[in-house]
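# A structural walkthrough
One letter stands for each residue in the lines below.
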Amino acid sequence: MPADGLIATLSATPLFAIALTLAAFLAGNALFTRLKRPAWLPAVLIAAVLLAAMLALLKLPYARYQQGAEWLTLLLGPATVALGLPLYQQRPHIRALWRELAVCLPIAASLAACYALGLAWLLGAPPTLLASLAAKSVTAPIAIGITEQIGGSVALMLGALLVTGVATAAFTGPAARWLKIEDERIIGFALGLNGHAIGTVRAFELSPAAGAFASLGMSLTGIFTALFLPLAWHLVGVGP
């Protein structure tokens, strides 16, 4: 059987897309560990580049790969819910700071969406691109639903999601040192709020407390954005 025919046959089943994804993840994680876990090059970025290279080499259309990988997408929701365990373990610290978090979250979550939208609008981005950038700081399961609701492109949103997470993981540490912030709870909350799952993974590398507050920041940002972004989007007349 010709190579193209073999690829077409294999890609007709979800197992092929799942196997490619897992292979890219394992290779990316191994390379990440070998490079001594640099904050500016997380394992998910390495895996994404490897996966894109494999799709290009195999000449496999992204739409066909995405169709098979939808089974993995279903696991994003349970994986996000599982982050409730470290939140439960850190509940005394969270209760002690609930007032500060309640004040900080709406402002920070709004800014996380607005600064990218403002820059894109000033550069003349079309409405579809603006809609694709709006939820870039929200964890993927929630961001996908928001993006579809306001008329954006999920593929573009996922690209923006990856860039945002990598930038957050790389720059939050230096920014905290520059601002002389040493409290790991604050650093973790900022990582989760701005960098969603990638920032949360980075926070868990710092400490369990930072990871728990990153999970809290990611979860609350997702809830806040899901409730208010579509409403604000249509009120300002950007959406369809």
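My aim in this report is to walk through the structure given alongside it, one point at a time. (Residues numbered from 1 in each chain as written. Predicted model: local features only at pLDDT ≥ 70, side-chain atom pairs only at ≥ 80, totals over all residues. Heavy atoms only, no water.)

Our next topic: the side chain of Thr172. When you line up the elements, Thr172 lands in helix 11 (residues 154-178). On the accessibility criterion, Thr172 (15% relative accessible area) is buried. A distance of 2.6 Å separates a polar side-chain atom of Thr172 from the backbone oxygen of Thr168. Apart from the residues within four sequence positions on either side, Thr172 is in contact with Ile187 and Leu191. (Helix = DSSP H or I, 4+ residues; strand = E, 2+ residues; numbered from the N terminus. Buried < 20%, exposed > 50% of the residue type's maximum accessible area, 1.4 Å probe, protein only. Polar contact = N/O pair within 3.5 Å; in protein donor to acceptor, adjacent residues only side chain to side chain. Contact = heavy atoms within 4.5 Å.)

Attention now goes to the environment of Thr33. Assignment of secondary structure puts Thr33 in helix 2 (residues 14-34). In this structure, the C-alpha to C-alpha distance between Thr33 and Ile223, residues 190 residues apart in sequence, is 33 Å.

Moving on, we get to the pattern of salt bridges. Counting across every chain of the model gives 3 salt bridges. Salt-bridge contacts for Arg37 lead to Glu205; the nearest nitrogen and oxygen are separated by 3.4 Å. With Arg37 in the loop between helix 2 and helix 3 (43-58) and Glu205 in helix 12 (residues 184-206), this pair connects stretches of sequence that are 168 residues apart. Judged by its relative accessible area of 39%, Arg37 falls in the partly exposed class. The class for Glu205 is partly exposed, based on a relative accessible area of 31%. A salt bridge links Asp183 to Arg185; its shortest N-O distance comes to 2.9 Å. Exposure remark for Asp183: the relative accessible area of 27% places this residue in the partly exposed category. For Arg185, a relative accessible area of 26% puts it in the partly exposed group. Among the charged side chains, a salt-bridge network with shared partners connects Arg37, Arg202 and Glu205. (Salt bridge = Lys/Arg side-chain N within 4 Å of Asp/Glu carboxyl O.)

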